Amino acid sequence: MIITRRSLLAVTAGGFAATGLGGLAWAAELPKLKKKDKYKVGFAQTESNNPWRLAQTASMKDEAAKRGWQLVYTDAAGSAAKQVADVRSMIAQKVDVILLAPREEKPLIPAVMEAKNAGIPLFCIDRGVDPTMAKAGRDYVAFIGSDFVKEGMMAGDAFAKAVGGKAKIIELQGTTGSSPANDRMKGFKDAIGKYPDMVIVASQSGDFARDKGRQVFETLYQAHPEATALYGHNDEMSMGAIAAMEAAGKTPGKDIMIVSIDGTKDAAQAVADGKIAVLVECNPHFGPKAFSSIVDYADGQTLAAALVNTDRLFTKDNIASYLPEAF
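Since the structure is predicted, the reported quantities are computational estimates derived from the model, not experimental observations.

Definitions and cut-offs
Residues numbered from 1 in each chain as written. Predicted model: local features only at pLDDT ≥ 70, side-chain atom pairs only at ≥ 80, totals over all residues. Heavy atoms only, no water. Helix = DSSP H or I, 4+ residues; strand = E, 2+ residues; numbered from the N terminus. Buried < 20%, exposed > 50% of the residue type's maximum accessible area, 1.4 Å probe, protein only. Contact = heavy atoms within 4.5 Å. Pairing = 2+ DSSP bridges. Axes fitted to C-alpha atoms, helices over the stretch in contact; angles between N-to-C directions. pLDDT = per-residue confidence, 0-100.

Bringing the environment of I258 into the picture now. Within the secondary structure layout, I258 lies in strand β11 (residues 257–262). Taking the relative accessible area as the measure of exposure, I258 reaches 0% and is therefore buried. Between the C-alpha atom of I258 and that of A277, which follows or precedes it by 19 residues, the distance is 5.6 Å. For I258, the residues in contact, after removing those within four places along its chain, are F159, L230, I242, M245, P252, K275, I276, A277 and V278.

As structure tokens, this is what we get:
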């Protein structure tokens, strides 16, 4: 059955509207996946400019090689428009299934819906898309990744305890419009809301990048020298901010307390060195779970809309056991 865009607007749980969709018709049913020994899998990566992304890509490539599957890999280099084009190329190449790590929630909606219309099952990996415009279990198979709201809450709760419930916080947000930035912000704010003396004095995007994080922190700290803490949505921005602190003659972990998310090798070492007080893991090793989920779906299993990773929390007390596996 094919439904038009106008019909899709009437679907429950919000309408569907996105720039450039035109009058295309979308398939009503979630595509099936034929059971085979080997698959041609498209993996549309968002960027490769940090250790987390490199570890994720390596996990995907390793798992594909282990199974003898063909992996069609693309790197959007931080461009949502290129990532849409990458998915369209995969559709043209007739891959069996697509694993998409969406750069942003809204701009990737056309790619998700076009894959559905082409009869190609798609999984959102590590980031989601706007649920009012495309839903897991209806428009794509499932989301595989971390609970970013929970990560933010874990970070906020543990950090509040680490600083005695009192801090003036600079927040370095991730990429504007991305699900981890939106959700880690929400979770953290919800957690520290229980502590009236935990106040965010400035918040701005560092785009999940080390140098951008350094630059943004420098600017925000100059404007808010009263700040006593940093919340980084990822380790790359936090490490950039640490460099800025040290250049300004401040001691991370003493003058400015830090909480960060990801679990990179650099950040784990910073925890061991006393520079970062709280580190929340975001596991990048998606290959095994993503590929096994493809097999499960082909076998006819009904997958949960969200297949959530288990993430851990580290402080100086338990970081030593994690250091050997940090990426």
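Now that the structure is up, let's keep going.
The subject of this paragraph is the sheet that holds strand β10 (residues 229–232). Across the sheet, six strands lie side by side as β9-β8-β10-β11-β12-β14; this open sheet has mixed pairing. The open sheet has two edge strands with one neighbour each: β9 (197–205) and β14 (313–314). Of the pairings in the sheet, the one linking β11 to strand β12 (residues 278–281) comprises four bridges and is parallel in character. Bridging across to β12, S260 finds its partner in L279. Of the strands in this sheet, β8 (166–173), β9 and β10 are in contact with helix α7 (residues 210–223), which crosses β8 at around 140°.

A word on the confidence of the model for the protein chain. Of the residues in the protein chain, 92% have a pLDDT of 70 or more, and the chain-wide mean is 92. Overall, residues 1–23 carries pLDDT values under 50, and its contacts beyond four positions in sequence, including any with other chains, amount to 44 contacts.

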